[in-house]
Amino acid sequence: MTLRSPVFAMLWENWRLTQLEAAWRLVLGIVGGLAILAVFSSQREVIKDLSAAIALVLVVLPHFLGWLSIAKLNSGRPGFPLYLLYTRPVRTAVLVGVPMAYLTVLPAAIYLVSALLLRVTSGYPFPLLPVAAWIAALNVVYAATNWSTRNRVIQMLGMMVASGAWVSLANHRLNAEEIQGSYDWPPNLWPTRFDFPLTDYALIGAIGLASFGVAVARVARQRHGDAPAAMMVDFPGFPEWLVNLFQFPCPTSSATRAQVWFDLKSSGLPVLAIGLLLAILNPLVFAITRPIEFARPFAIMFAMASVLAMLILGVNAFGIRWRQGRAYASAFEATQAYGTARLAGIKVLVRSVCVLPALIAVGLSIWACLSFMVGEAHLRSWQHAIEGAVGVLTGYQQVALAVVAFIGVAVMVASVAAIMALAARYPRPLNIATCLYLLSWGLALVLLAQAGHRGIGLLFGPTRFIDAPAIVLATVYLSWRVFAERLLTLRWACGVVLISAAFGAAWVTLLRAAGVQLAGLPTMDAVWMLSPALLPLMVSVLAPWSLSRIRHI
Amino acid sequence: MGQIVIDVNDLSRSFGTKDALDHVSFRANDGQVYGLVGANGAGKTTLLKHLLGLLRATTGSVRVFGLDPVRDPVGVLSRVGYLSEERELPEWMRVDELMRYTQAFHPTWDAAYARGLLETFGLDPSKKIKELSKGMRAQAGLVAAVAHRPELLILDEPSSGLDAVVRRDILDAIVRTVADDGRTVIFSSHLLDEVERMSDHVTMMHHGRVTLSGALDDVRRGYQRSRVRFVEHFDQPPVLETALAMEGGGRTWSVVHSGSLEQFRYSVLALGGEVVESRDATLEEIFLARAGRNRQQVEVA
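Just so we're clear, the structure is a prediction, and the values are computed from it rather than from any experiment.

A. Examining the overall build of chain A more closely. The number of helices and strands found in chain A is 21 helices and two strands. By the burial criterion, 35% of the 553 residues in chain A qualify as buried. Restricting the contact set of chain A to residue pairs at least 6 apart, pairs at least 24 apart contribute 81%.

B. Representation of the domain arrangement of chain A in the model. When the domains of chain A are assigned, the result is domain 1 (6–223), domain 2 (234–392) and domain 3 (394–553). Distance from the C-alpha centre of domain 1 of chain A to the C-alpha centre of domain 2 of chain A: 28 Å.

C. How the structure looks around the packing of helix 11 (residues 296–315) of chain A against helix 13 (residues 340–371) of chain A. Residues and elements named next belong to chain A. With their axes 10 Å apart at the nearest point, helix 11 and helix 13 run at an angle of 175 degrees to one another. Considered as vectors, helix 11 and helix 13 are oriented roughly antiparallel to each other. Contacts from A303, S306, V307, M310 and G314 of helix 11 reach helix 13 at R351, V355, A358, L359, V362, I366 and C369.

D. Just the confidence of the model for chain A, in detail. All names here are of chain A. The pLDDT averaged across chain A works out to 83; a share of 88% of its residues lies at or above 70. Element-level mean pLDDT values for chain A span from 54 in helix 17 (residues 454–460) up to 92 in helix 4 (residues 92–122). Confidence drops under a pLDDT of 50 for residues 229–235, and excluding neighbours within four residues, the segment shows 17 contacts in the predicted structure.

E. Examining the domain arrangement of chain B more closely. Residue and element names in this part refer to chain B. Assigned domains of chain B: these are domain 1 (4–219) and domain 2 (223–300). For domain 1 versus domain 2, the distance between C-alpha centres works out to 36 Å. Each partner contributes residues to the interface: domain 1 has twelve residues there, and domain 2 has seven residues. Listed by contribution, the elements that provide at least two residues to the side of domain 1 that touches domain 2 are strand 3 (33–38), helix 7 (192–198), strand 8 (201–206) and strand 9 (209–215). Class assignment of the residues belonging to the side of domain 1 that touches domain 2 gives a composition of eight nonpolar, three polar and one charged.

F. Local environment of the pairing of strand 1 (residues 4–15) of chain B. Residues and elements named next belong to chain B. Of the strand pairs in this sheet, strand 1 and strand 2 (residues 18–29) are connected by eight bridges, and their pairing is antiparallel. Across the sheet, the residue bridging to F15 is K18, located in strand 2. What sits between strand 1 and strand 2 in their antiparallel hairpin is a turn of two residues, with G16 showing a positive phi close to 65 degrees.

G. Spatial organisation of helix 19 (residues 490–513) of chain A. Residue and element names in this part refer to chain A. Compared with the 34 Å implied by 1.5 Å per residue over 24 residues, the 34 Å span of helix 19 between its first and last C-alpha is a close match. Among the residues making up helix 19, those that are buried are V496, S500, F503, A506, W507 and T509. In this structure, the buried residues of helix 19 make contact with helix 15 (395–425) and helix 21 (535–551). One or two residues past the end of helix 19 sits G515, with phi positive at roughly 90 degrees.

H. A look at the interface of chain A and chain B. On the chain B side, the residues contacting the 28 residues of chain A number 25 residues. Elements that contribute at least two residues to the side of chain A that touches chain B include exactly helix 9 (240–243), helix 10 (255–289) and helix 12 (331–334) of chain A. The greatest single-element share of the side of chain A that touches chain B, amounting to five residues, is contributed by helix 10 of chain A. Grouping the amino acids of the side of chain A that touches chain B by side-chain chemistry returns 14 nonpolar, ten polar and four charged.

I. Seen up close, unusual backbone geometry. All names here are of chain B. In this structure, H23 is a non-glycine residue whose phi angle is positive, near 50 degrees. Examined against the element boundaries, H23 turns out to sit in strand 2. According to the C-beta neighbour criterion, H23 is partly exposed, with 14 such atoms within 10 Å. Phi is positive for T242, close to 70 degrees, though the residue is something other than glycine. Along the chain, the position of T242 falls in the loop between strand 10 (223–234) and strand 11 (243–258).

J. Up close: the packing of helix 1 (residues 6–39) of chain A against helix 4 of chain A. All names here are of chain A. Running from amino to carboxyl end, helix 1 crosses helix 4 at an angle of 25 degrees, the nearest separation of the two axes being 9 Å. Taken as axis vectors, helix 1 and helix 4 run roughly parallel relative to one another. Here helix 1 and helix 4 pass one another in a crossing that is right-handed. Residue composition of the contact of helix 1 with helix 4, grouped by class: 19 nonpolar, seven polar and one charged.

K. Examining the sheet that holds strand 4 (residues 59–64) of chain B more closely. Residue and element names in this part refer to chain B. Taking strand neighbours across the sheet as the criterion, the three strands line up as 2-1-4 in an open arrangement whose pairing is antiparallel. Looking at the sheet topology across the chains shown, the edges are occupied by strand 2 and strand 4. For this sheet, the mean angle separating the axes of adjacent strands, direction not counted, is 15 degrees.

L. Structural context of the sheet that holds strand 10 of chain B. Residue and element names in this part refer to chain B. Taken together, three strands build an open sheet; the order of strands is 11-10-12 and the sheet is antiparallel. One side of each edge strand has no neighbouring strand; the edge strands of this open sheet are strand 11 and strand 12 (273–280). The sheet shows a mean angle of 25 degrees between the axes of neighbouring strands, direction not considered. Pairing analysis gives eight bridges linking strand 10 to strand 11, with the strands arranged antiparallel. Across the sheet, residue V228 finds its bridge partner in strand 11, namely W253. On top of the sheet, helix 9 (residues 261–270) reaches strand 10, strand 11 and strand 12; it is set at about 155 degrees to strand 12, its chief contact. In the packing of helix 10 (residues 283–291) onto the sheet, contacts are made with strand 10 and strand 11, and the angle to strand 11 comes to roughly 90 degrees.

M. Geometry of the nonpolar core. Among the nonpolar cores identified, the biggest contains 163 residues, and A358 and A417 of chain A together with I154 and V185 of chain B are the most heavily contacted of them. The element contributing the most residues to this core is helix 13 of chain A, with 15 residues. Among all residues touching V185 of chain B, those that are not within four sequence positions of it are V33, Y34, L153, L155, V175, V178 and A179 of chain B.

N. Layout of the confidence of the model for chain B. All names here are of chain B. Confidence in the prediction of chain B, expressed as mean pLDDT, is 86, and 96% of residues score 70 or more. Here residues 293–301 is modelled with pLDDT under 50, and outside its nearest four sequence neighbours on either side it reaches 16 contacts, counting other chains as well. Both confidence scores are given for the complex: pTM 0.77, ipTM 0.82.

Cut-offs applied
- Residues numbered from 1 in each chain as written.
- Chains lettered and ligands numbered in written order.
- Predicted model: local features only at pLDDT ≥ 70, side-chain atom pairs only at ≥ 80, totals over all residues.
- Helix = DSSP H or I, 4+ residues; strand = E, 2+ residues; numbered from the N terminus.
- Buried ≥ 20, exposed ≤ 12 C-beta atoms within 10 Å, placed from the backbone.
- Contact = placed C-beta atoms within 7 Å.
- Domains from an automatic or database assignment.
- Axes fitted to C-alpha atoms, helices over the stretch in contact; angles between N-to-C directions.
- Parallel < 35°, antiparallel > 145°, perpendicular 65-115°, else oblique.
- pLDDT = per-residue confidence, 0-100.
- Nonpolar A, V, L, I, M, F, W, Y, C, P; charged D, E, K, R; others polar.
- Pairing = 2+ DSSP bridges.
- Expected span 1.5 Å × (residues − 1).
- Left-handed = near helix turned anticlockwise from the far one by under 90°.
- Core = buried A, V, L, I, M, F, W, Y, C linked by C-beta atoms within 7 Å.

Rendered as structure tokens:
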């Protein structure tokens, strides 16, 4: 292929980088939207209208995340993503402007195509240009925020402020007139609700120009080496100052202690520190936004983002890295004389021990903040319900809850770490499997829509006949593999069985506390209810097996 | 003959459609230095990664100290020191933390030796890895790899990033010390003079295959570079038995050839020429002859 100008070459390059994600966004919006519309097509008018509103949200939602494929290419580094191209003989304005325009226009175009298709097929007046323009505005601000700074904190705050402002504006516009007994923006009002004034487009244009100007100025500094350098941190490495916040010597007495030190210092304690910081910041954000009505959603978003951040930061226990779009495990750790199962165990345990208190701290701080939220009655009622449920637990049941919570977090950390490891090892098969899985769900939803309101029940009913056998079979297969590959010793296996037994006992205790009488249930339902008790056993064999897959490729 | 430390038998490995290793067999005994040479993409690093268990064999077998490095990583890695080509070290660590961390995995760690090497290299233990230059990272990685006095030292392009003095004096000394202690060193390099200087054995790889392997002296004795003169004028390189590469034109040609000199003289004589002078070929000449411009390519050109 001959590319006749730098601009075409850069556009082609961006297309190559983002084509898969663009396809995903398009498919998710169209398939998801159509599936929801189809499922509820035989329902009452009100439900059908609601399904159209959900479809609209589904079409908009993928454009809220920024471009993951660019972040992946860039190893999640802050700063201009295509920094390797600083040496290209083009002006900074072109260097910035071309990808910025592309990454701004493409989400708007994807939205337009999806919304137009839904509009034509369903007859609902899905809004086109006004929403597309605001999606473009959000994405141009994302790009400017991400590219203008090499400070992760500023970058994250900037993204949160942008998306918070976007949601607040949408909330303000859509809920301008209250409709009793319904949400305020049913489809029949869309033509008027989304008929934004022309000043909006002027504002969007100004946002675009300002974003472009700021990004060009800041990238010019980075290009000429004036901005502070922070380029060498590989995702998911934490900032070096955060890692070195905790100074304590590496023990030399045993490999296990040294490995615990390594994992604590490199990732565990930074996660905990971020959790504590967010726990402190949440009340501050709530306190600042409390008197300002339109800013309150921002506090809720910040709280949700805090929990999400903890979950995202906490799950890559095996330290999978990305460089130039390639995922790999650290050869440094892989070549240490340490058993794979032990390594997996230590990594999961250390990460879990740090993630759990971080999550608790963030959760408690949000809990406390919600108590003094004004005008959020539904949140208050949820709080009371949870307080009531926990309050009636006996001491023994509370211990069971604590056991389930801790082992549950460890299971989550181990399973996500394992999935990330397998995704690094087998990216193509896993992508195909995920596509097929999502596609089958979409198809199943559409087909079962013919069964009317029983469709959902028909769909979810059989899963209990699949879940439990899948967990059992996966556990048996993985157990056989880890013993065949001599990853797990008998001693470790005994430990795993003990932990699983503790979790199982605690799980059954909580089921009883919730009023579930297993004896009175049909056998399949009882097995399905008990199947989560097998999860610790399954991830205990899955984690070393998956780590072995990336340690010995 | 010493004890066999590495035994690679009929090893193949492919990445997608590319055969990175194609039926490679290789053996290494203790107390010897093995140099692995080859062009970029020849399969050197892939072979070394198999020895460390970082890659699984598609077919064939790998045994290090009689153990399978994939099934028994602890058994193998506890006796191995490794310096990777990428010098991948945790950037947040200080040099002394790297030493302490590595020490914890190796009871045989020689702290005095590590300190001495750090001093020799002029590495500040309180410096972070991130702050080190590429060469200094290589030095830090080298200290971490050798300070536990491993039975097998695996160095992937150890010279990359090192300056000439460090390369010639310190690296050579370290490698020699390890070998003299009865331990084994295997290193890959594209610097043929370095391989020639440091190795007892040399293995050449090309397109995932071992094209030549043997004791360095035997290899060098097995190849000569001769200058031949013909009565007749040749526009194309003349076809000579045992010739691997030819340079020159007209009546005078330089030929790298294998086999005995007598046999070569006979084939030159058959074309009406004579061998003007002859000497042992250098490793570089042998490498270029076998992996680079071979006779067929010269003929086509």
